[in-house]
Amino acid sequence: MGLRRMVVGVSVIAGAIVALIGGGGGVARAELPVGYNFLGGIPDELAHPGGSLPGSNDLSCRPSAAHPNPVVLVHGTGGSQQTNWGTYVPLLKNQGYCVFALTYGVVDRAPWPVSAVGGMTPMEGSAAQLAAYVEKVLAATGAHKVDIVGHSQGTLIPDYYAKFLGGHDKIDKYVSLAPLWQGTGVGGAAVLMPVLRQLGLSAAQFPLCQACAQFDPSSVFMTKLRAGGVYLPGITYTNVSTRNDELVVPYTSGQLPGGPNVHNIVVQQGCPVDYTEHAGLAGSRRAAYFVLNALDPAHPRPVPCDRAAPITGSAF
């Protein structure tokens, strides 16, 4: 009887060890909670100003054979590496990706919380910051290329990097949420540019959001970016847009046609109850599954259709 108890005890302990280290002999990876909510990263920024979301920016992460490219997340105007990616960091980390995110375009020497408001400075400089960041990620992980997931302004910055700053051969898959390849005529572009022109100023001379004025379709930045076409061979592009976009107007600015390496998606196509707009698109579960399939097209999964709310993208 004593021997039997001993055997049972050893079995329980062995089972616990297997559960802890996992069947492959490595330390088990705890699943991070995933909330489909664009605002989900804000509490982390409040709790850890200027920090990184759990699961991101781990320079010791080594890409797996299944996911050989680190994923770099590029936030939108006013966002940061935490506030923009509360959904995507845990989602991608749980899928086995090495996930990285940067905050770019911050007003120089700005204290917190202004330092958590990125995408304010001219986009040429922000693209240079992305270029340096990608080099850091590649050097740390040993990877040859990265995959990009960008939102809003973060869909333009990588294109400038790819076309003009040596990033062409360092990007494999390029996924854009609420892209604006042809600029937009609302927001900062509509309000600021006419005023700047009357004053004889350039977008770079505007003291608050210099990048905002660059969204104007006729700005020097957008004109240069579109010259010769925005898409480059050797990169696979996926554009995910929403018909309810109130900042990218028209939303078809992000649905620029291209060759076989360009895939255009509108979340309401086949799912009219998805009410996500510009911000909520980065929290929508439907959009997130389109992103997962774009990053791993060899293993597609069914894309859900949720009754999703504006601003957050959460199901309701």
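Residues numbered from 1 in each chain as written. Predicted model: local features only at pLDDT ≥ 70, side-chain atom pairs only at ≥ 80, totals over all residues. Heavy atoms only, no water.

**What to know about the nonpolar core**
- Membership of the largest hydrophobic core comes to 39 residues, with the highest contact counts inside it found for Val72, Leu130 and Leu156.
- Secondary-structure elements contributing two or more residues to this core are strand 1 (71–74), strand 2 (99–102), helix 4 (123–141), strand 3 (146–151), helix 5 (153–164), strand 4 (171–177) and helix 8 (220–226).
- No other element matches helix 4, which puts eight residues into this core.
- What Val72 contacts, discounting residues up to four positions off in sequence, is Phe100, Leu102, Leu130, Tyr133, Val137, Val146, Asp147, Ile148 and Val149.
- In terms of nonpolar packing, the next biggest core, distinct from the first, is built from 29 residues, Tyr88, Leu91, Ala101 and Val240 among them. (Core = buried A, V, L, I, M, F, W, Y, C linked by side-chain atoms within 4.5 Å. Buried < 20%, exposed > 50% of the residue type's maximum accessible area, 1.4 Å probe, protein only. Helix = DSSP H or I, 4+ residues; strand = E, 2+ residues; numbered from the N terminus. Contact = heavy atoms within 4.5 Å.)

**A short note on the side chain of Gln268**
- Residue placement: Gln268 occurs in the loop between strand 6 (262–266) and helix 9 (285–295).
- At 2.9 Å, the side chain of Gln268 and the backbone nitrogen of Arg243 are in polar contact.
- Reaching out from Gln268, the side chain makes a polar contact with the backbone oxygen of Asp274 at a distance of 2.9 Å.
- Filtering out sequence-adjacent residues up to four positions away, Gln268 remains in contact with Ser241, Thr242, Arg243, Asn244, Asp274 and Thr276. (Polar contact = N/O pair within 3.5 Å; in protein donor to acceptor, adjacent residues only side chain to side chain.)

**What about the side chain of Asp147?**
- With respect to the helices, strands and loops of the structure, Asp147 is situated in strand 3.
- Engagement of the side chain of Asp147 in a polar contact is seen with the side chain of Asn69, the distance being 3.2 Å.
- Asp147 has contacts with Asn69, Pro70, Val71, Val72, Asp172, Lys173 and Leu295, leaving out every residue within four places of it along the chain.

**What about the pairing of strand 3?**
- With respect to burial, strand 3 is a largely interior element, six of its six residues being buried.
- By the alternation rule, side chains of strand 3 split into Val146, Ile148 and Gly150 and Asp147, Val149 and His151, which are all buried.
- Two strands pair when backbone bridges link them, and strand 1 and strand 3 are joined in this way by four bridges, in the parallel orientation. Considered in strand 3, the bridge of Leu73 is made with Val149.
- Sheet topology note: the strand 3/strand 4 ladder contains five bridges and is parallel. Across the sheet, Val146 pairs through a bridge with Ile171, a residue of strand 4.
- One crossover worth recording links strand 3 to the parallel strand 4 by way of helix 5, and it is right-handed. (Pairing = 2+ DSSP bridges. Right-handed = clockwise from strand over helix to strand, strands pointing away.)

**Quick look at the packing of aromatic side chains**
- Counted under the stated rule, the structure contains eight aromatic pairs.
- Relative to Phe164, the ring of Tyr160 lies with its centre 4.8 Å away and its plane at 55°, an arrangement referred to as tilted. Placement of the pair is Tyr160 and Phe164 together in helix 5, with a separation of four residues, close to one helical turn.
- Looking at Phe164, the relative accessible area reads 33%, which means it is partly exposed.
- Taken together, the ring pairs in this structure connect Tyr174, Trp181, Tyr231 and Tyr237 into an aromatic cluster.
- The positively charged end of Lys224 is found above the aromatic ring belonging to Phe164, 4.6 Å away from the centroid. (Phe/Tyr/Trp six-rings, centres within 6.5 Å; stacked < 30°, edge-to-face > 60°. Lys NZ or Arg CZ within 6 Å of the ring centre and 35° of its normal.)

**Quick look at the pattern of salt bridges**
- In this structure the tally under the stated criterion is four salt bridges.
- With its nearest N and O atoms 2.8 Å apart, the salt bridge here joins Asp306 to Arg285. Taken together, the residues Asp306 in the segment after helix 9 and Arg285 in helix 9 connect sequence positions 21 residues apart.
- Note on Asp306: relative accessible area 14%, which makes it buried.
- Arg285 sits in the partly exposed class, given a relative accessible area of 29%. (Salt bridge = Lys/Arg side-chain N within 4 Å of Asp/Glu carboxyl O.)

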